[in-house]
Amino acid sequence: MAATARVADGPALSPDGSAPAPGVSRPVKERGPWRTGLLLASPAIAVLALLFIAPLFMLVYNSFRTQAGDPTLHNYTRFLGDSFYRDVLWHTLWIGALTTLGCLVVGYPFAVYLRGRSPRARNYLSLVLLSPLLISMVTRAYGWLVLLGPKGPIADGFHAVGLEAPKMLYDDTAVVVGMVHVMLAYMVLPLMGSLDRIDPALTPAAKGLGRAAGRVSGGSPSRCPCRGCSPVR
Amino acid sequence: MTAGTDTVGKESAPTGADTATRAGSTRGRLVLKGIHKALGGKEVVRGIDLTMEPGEFLTLLGPSGCGKSTTLNMVAGHLLPDSGVVEVDGRDITRLPANRRAMGMVFQSYALFPHMTVAENIAFGLRMRKVGAAQRRRRAAEALELVGLDGMGERYPRQLSGGQRQRTALARALIVEPDLLLLDEPFSNLDAQLRVRLREEVAALQRRVGTTTILVTHDQDEALAVSDRIAVMAEGTIHQLDVPETVYLRPATDFVAQFVGEVNVLDGIAAGAAADGHRCRIGDTHLVRATPVGTAPGDGEAVRLYVRPEAVRVLAVPQAVPEKGRSASTADRTAAEPGLPGTVEATRFLGTRVRCVVATAAGRVEATLPFGSEVPGLGEEVICAWQPQHASLTARP
Ligand SMILES: Nc1ncnc2c1ncn2[C@@H]1O[C@H](COP(=O)(O)OP(=O)(O)O)[C@@H](O)[C@H]1O
Ligand SMILES: [Mg+2]
């Protein structure tokens, strides 16, 4: 064993060489980490509360009042009683569901692919992923109009092989395609976060014990949130 | 799995071939021939050849990044060599995928499946082999007992301590009765005390079950403590492959000498074979002896000696100090052994040992004197001596 360092016994000296004044080293009051966190987040919380949460509450509050300010449920009965509004509501939820599904189908393989790449490659690919969010909505929409339009490159492709190009604009498909384009980053980034927490050695470990690559077996019911992304199913 | 059949003592003669008797192992004879592998455009494994006997415990020892894990992964089947052959029991398995080999691997992170209990983790290999549920349960319980985790089967990996996780990983690897047990730095995530205890446990367990084992580590103490043989690796090649005693006392290259502990490096000229060991001239007049590694150098060739501080004895010059304080036997040995004269330059008390630095014609020689031995005074004339088998003689690079 190496010789142990001897610890100085006397009182510690402050930088100027004098002994510390009595009472200076008062114990610091213990503060929970969440309190420090709250303190640091408070400016952001204040902004959000004022500009986002408060207006939402006002909206909900006003929805239960008439123009004159009397309490009422009329706004809701009118909304749910009208089949036009109901259809719009269902359509919105339907498009939302399709967009989520589309993002999952496109985004999950992409997130898995990113997991094995070098940090450099990941940075570049993440930039590509985030690029739709950096482009103005109008520009993006016109881009899709050109791409999917009757004189666009996709239609040209159909014509080149002697086929009639299908109508690709102004329907749900076009909306979902455009939505997936923008929303993909919101799917991939959290998936990447989850996948990164999975030990990369799990795959070789499972394979070494006989798990054939790509085989999916029944196994026991799901118990772990990361099971879905786990190489061991 | 009978205990006590181990016949391999760590002190046994350094022949390296006596391991085949371990626990009656007949399985798991590994042969690597000319293995090369490039990763990311760089050749990280550059011609590995080695043969392991059934039941042997071999350690790949080398600094981080020298290609140990890469080599192990080619044995396990997770990487395909660019060239070369992997054979187990005479069968070429170079291109066999990992899931069709019978290798038990323990990873540095243990790689336990977080969504399975300890028992499910351990039985995973059996489930993949379509072993029935009842038998799986029975054998998992046996394996848990083997590694001292009885009654922990229903826990999840996150509820275990580091040492318990390591044992779970070991049980999971051993339950499939693998051809080889592959351990990739399995102790490096444990604190120092536990590391020493668990490596002893693993070595004892390995002797009991008799599975041919490769351990990958960068820790020389660990390698010396548990291995039948050590392969010292650097930059993708094996520098020396021998029993721990030989690797430690008679390093083959500068790298091995420096990596496996402290060493005195002395340059000299070969001066012919002696009754035991090989003579070597240092300076103009001093003759010392050492054991050649590999082919003996011809007379007059430039050679390099490696001597561990622990192997160096500091003896009084016979005439200078006639009787006073020195035992007769010390004087006898001095007369019988040639050595390197010098002057004591420094002595340092290190608790269990004393380090003594002697200035000689070949430069400074450091010696570690065992606890309780007499410490020479500063400026005293002494002779540094060692047994020929405790010093290695190599051609000077
Ligand atoms: N997938 C990879 N791509 C590129 N280089 C790699 C890869 N895996 C390992 N390496 C490099 O190969 C060398 C050997 O790695 P490894 O076998 O893991 O070393 P060790 O286990 O001895 O520390 C290192 O320099 C490492 O950076
Ligand atoms: Mg490694």
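Residues numbered from 1 in each chain as written. Chains lettered and ligands numbered in written order. Predicted model: local features only at pLDDT ≥ 70, side-chain atom pairs only at ≥ 80, totals over all residues. Heavy atoms only, no water.

S.K.: Where do I start with the overall build of chain A in this structure?
M.R.: The number of helices and strands found in chain A is eight helices and zero strands. In chain A, the succession of α and β elements from N to C terminus is α-α-α-α-α-α-α-α. Excluding contacts between residues fewer than 6 apart, the proportion of contacts in chain A whose partners are at least 24 apart in sequence is 56%. Element-wise, carbon and sulfur atoms account for 70% of the exposed surface of chain A, whose accessible area totals about 17400 Å². (Helix = DSSP H or I, 4+ residues; strand = E, 2+ residues; numbered from the N terminus. Contact = heavy atoms within 4.5 Å. Areas by Shrake-Rupley, 256 points an atom, 1.4 Å probe, with all protein chains shown as cover.)

S.K.: Sorry, what's going on with the overall build of chain B here?
M.R.: In terms of helices and strands, chain B carries nine helices and 20 strands. Each of the 397 residues in chain B was classed as buried or not, and the buried ones make up 51%. Considering only contacts within chain B whose residues lie at least 6 apart along the sequence, 68% involve residues at least 24 apart. With the model as given, the accessible surface of chain B reaches about 17100 Å², and the carbon-plus-sulfur share is 51%. (Buried < 20%, exposed > 50% of the residue type's maximum accessible area, 1.4 Å probe, protein only.)

S.K.: How should I be thinking about the domain arrangement of chain B in this particular structure?
M.R.: It is common to report an interface's size as the accessible area lost on association of the parts. All names here are of chain B. You can read the domains of chain B as domain 1 (3-102 + 178-256) and domain 2 (262-395). Taken together, the contact pairs nine residues of domain 1 with twelve residues of domain 2. Roughly 920 Å² of surface becomes buried between domain 1 and domain 2 when both sides are summed, with 50% attributable to carbon and sulfur atoms. Counting the surface domain 1 buries against domain 2, the share from its top three residues, Tyr248, Leu249 and Arg250, is 57%. Our count for the contact surface shared by domain 1 and domain 2 stands at one salt bridge. Aspartate 254 serves as the salt-bridge partner of arginine 304, at 2.9 Å between the closest nitrogen and oxygen. Across the contact surface, domain 1 and domain 2 share six residue pairs in polar contact (both at pLDDT 80 or more). Counting residues per element, the ones that place at least two in the side of domain 1 that touches domain 2 are helix H7 (244-249) and helix H8 (254-259). A total of three residues in the side of domain 1 that touches domain 2 trace back to one element, the largest contributor, which is H7. For the side of domain 1 that touches domain 2, the per-class residue count stands at six nonpolar, one polar and two charged. (Domains from an automatic or database assignment. Buried area = accessible area lost by both parts, 1.4 Å probe. Salt bridge = Lys/Arg side-chain N within 4 Å of Asp/Glu carboxyl O. Polar contact = N/O pair within 3.5 Å; in protein donor to acceptor, adjacent residues only side chain to side chain. Nonpolar A, V, L, I, M, F, W, Y, C, P; charged D, E, K, R; others polar.)

S.K.: What's the story with the pattern of salt bridges in this structure? I'm lost.
M.R.: Two side chains that carry opposite charge are able to pair once their charged atoms sit near each other. All names here are of chain B. Applying the stated criterion across every chain, the model contains 16 salt bridges over all chains. The salt bridge partner of arginine 27 is aspartate 179, with a shortest N-O separation of 2.7 Å. Of this pair, arginine 27 sits in the segment before strand E1 (30-39) while aspartate 179 is found in the loop between helix H4 (162-174) and strand E7 (180-184), placing the two residues 152 residues apart along the sequence. By relative accessible area, which is 41% here, arginine 27 ends up partly exposed.

S.K.: Explanation requested: the site of ligand 1 in the structure shown.
M.R.: All names here are of chain B. Around ligand 1, a shell composed of Leu39, Gly40, Lys42, Val44, Pro63, Ser64, Gly65, Cys66, Gly67, Lys68, Ser69 and Thr70 is seen. Glycine 65 places a polar main-chain atom, nitrogen or oxygen, 2.6 Å from an oxygen atom of ligand 1. In the model, an oxygen atom of ligand 1 is placed 3.1 Å from a nitrogen or oxygen of the glycine 67 main chain. Contact with the protein chains removes 59% of the 560 Å² of surface that ligand 1 exposes when unbound. Elements represented by at least two residues in the shell around ligand 1 include exactly strand E2 (42-52) and helix H1 (68-76). Residues of the shell around ligand 1, tallied by class, amount to four nonpolar, six polar and two charged. (Near = heavy atom within 4 Å.)

S.K.: Help me out: how do you make sense of the UniProt feature "transmembrane region" (unreviewed entry) in chain A in this one?
M.R.: Residue and element names in this part refer to chain A. Using the residue numbers shown here, the UniProt feature "transmembrane region" (unreviewed entry) corresponds to residues 38-61, 88-112, 124-148 and 168-189. Taken end to end, residues 38-61 comprises 100% helix and 0% strand; its first and last C-alpha atoms sit 28 Å apart. When the span residues 124-148 is considered, its composition is 92% helix and 0% strand, and the gap between its end C-alpha atoms is 27 Å. (UniProt positions renumbered as here; feature names shortened; annotations may be inferred.)

S.K.: Hey, could you run me through the domain arrangement of chain A in this one?
M.R.: Residue and element names in this part refer to chain A. Under the domain assignment used here, chain A contains domain 1 (39-81) and domain 2 (83-196). Taking only C-alpha atoms into account, the centre of domain 1 sits 32 Å from that of domain 2. The interface of domain 1 with domain 2 comprises four residues on the first partner and four residues on the second. For the pair domain 1 and domain 2, the two sides together bury roughly 400 Å², of which 57% comes from carbon and sulfur. On the domain 1 side of the contact with domain 2, Arg78, Phe79 and Leu80 bury the most area, a combined 85% of that side's loss. At the junction of domain 1 and domain 2, the tally comes to zero salt bridges.

S.K.: Just checking my understanding: could you explain the sheet that holds E2(B) for this structure?
M.R.: Backbone-to-backbone hydrogen bonds pair the strands of a sheet. The strands run either parallel or antiparallel. Residue and element names in this part refer to chain B. On the basis of which strands lie adjacent, the open sheet formed by four strands has the order E2-E1-E4-E5 and antiparallel pairing. What marks the edges here is a single partner per strand, and that holds for E2 and strand E5 (91-92). With eight bridges connecting them, E1 and E2 associate as antiparallel partners. Opposite leucine 32, over in E2, you have leucine 50 as the bridge partner. The strands touched by H1 are E1, E2 and strand E4 (83-88); relative to E1, the strand with the most contacts, the crossing angle is about 120 degrees. (Pairing = 2+ DSSP bridges. Axes fitted to C-alpha atoms, helices over the stretch in contact; angles between N-to-C directions.)

S.K.: Is there a simple way to think about the confidence of the model for chain B in this case?
M.R.: A low pLDDT means the predicted coordinates there should not be read in detail. Residue and element names in this part refer to chain B. Summary statistics for chain B give a mean pLDDT of 87 and a share of 89% for residues scoring 70 or more. Low confidence marks residues 1-21, where pLDDT is under 50. Its contacts with residues over four positions away, or in another chain, come to 33 contacts. If you check the scores for this complex, the pTM reads 0.76 and the ipTM reads 0.77. (pLDDT = per-residue confidence, 0-100.)

S.K.: Teacher, can you tell me more about the nonpolar core here?
M.R.: A general tendency of soluble globular proteins is for nonpolar side chains to be buried together. With 86 residues, the main nonpolar core has Leu30(B), Leu182(B) and Ile214(B) as its most contacted residues. It is helix H7 (residues 172-196) of chain A that provides the largest number of residues to this core, a total of nine residues. Those residues in contact with Ile214(B), other than ones at most four positions away along the chain, are Leu30(B), Met52(B), Leu58(B), Leu60(B), Leu72(B), Leu180(B), Leu181(B), Leu182(B) and Leu183(B). Counting 25 residues, the second-largest nonpolar core is a separate cluster that includes Ile282(B), Val365(B), Leu369(B) and Cys384(B). (Core = buried A, V, L, I, M, F, W, Y, C linked by side-chain atoms within 4.5 Å.)

S.K.: What am I meant to see in the UniProt feature "domain: ABC transporter" (unreviewed entry) in chain B here?
M.R.: In the UniProt entry, the feature "domain: ABC transporter" (unreviewed entry) is given for residues 30-260 of chain B. From the first C-alpha to the last, residues 30-260 of chain B spans 25 Å; its make-up is 36% helix and 26% strand.

S.K.: Which parts of the structure should I look at to understand the packing of helix H2 (residues 74-81) of chain A against helix H3 (residues 83-115) of chain A?
M.R.: In helix packing, the relevant descriptors are the interaxial angle and the interaxial distance, both defined with respect to the helix axes. Residue and element names in this part refer to chain A. H3 packs onto H2 with a crossing angle of 75 degrees between their chain directions and a minimal axis gap of 5 Å. By the angle between their axes, H2 is roughly perpendicular relative to H3. Residues Arg78, Phe79, Leu80 and Gly81 of H2 touch H3, and the partners they reach there are Ser83, Tyr85, Arg86 and Leu89. (Parallel < 35°, antiparallel > 145°, perpendicular 65-115°, else oblique.)

S.K.: When you look at the environment of Asp172(A) in this model, what are you seeing that I'm missing?
M.R.: Residue and element names in this part refer to chain A. Looking at the element boundaries, aspartate 172 is found in helix H7. Owing to a relative accessible area of 28%, aspartate 172 belongs among the partly exposed residues under this scheme. Aspartate 172 sits 74 residues away from leucine 98 along the chain, and the two C-alpha atoms are 9.4 Å apart. Contacts of aspartate 172, omitting those with residues within four sequence positions, involve His91, Trp94 and Ile95. At 2.9 Å, the side chain of aspartate 172 forms a polar contact with the side chain of histidine 91.

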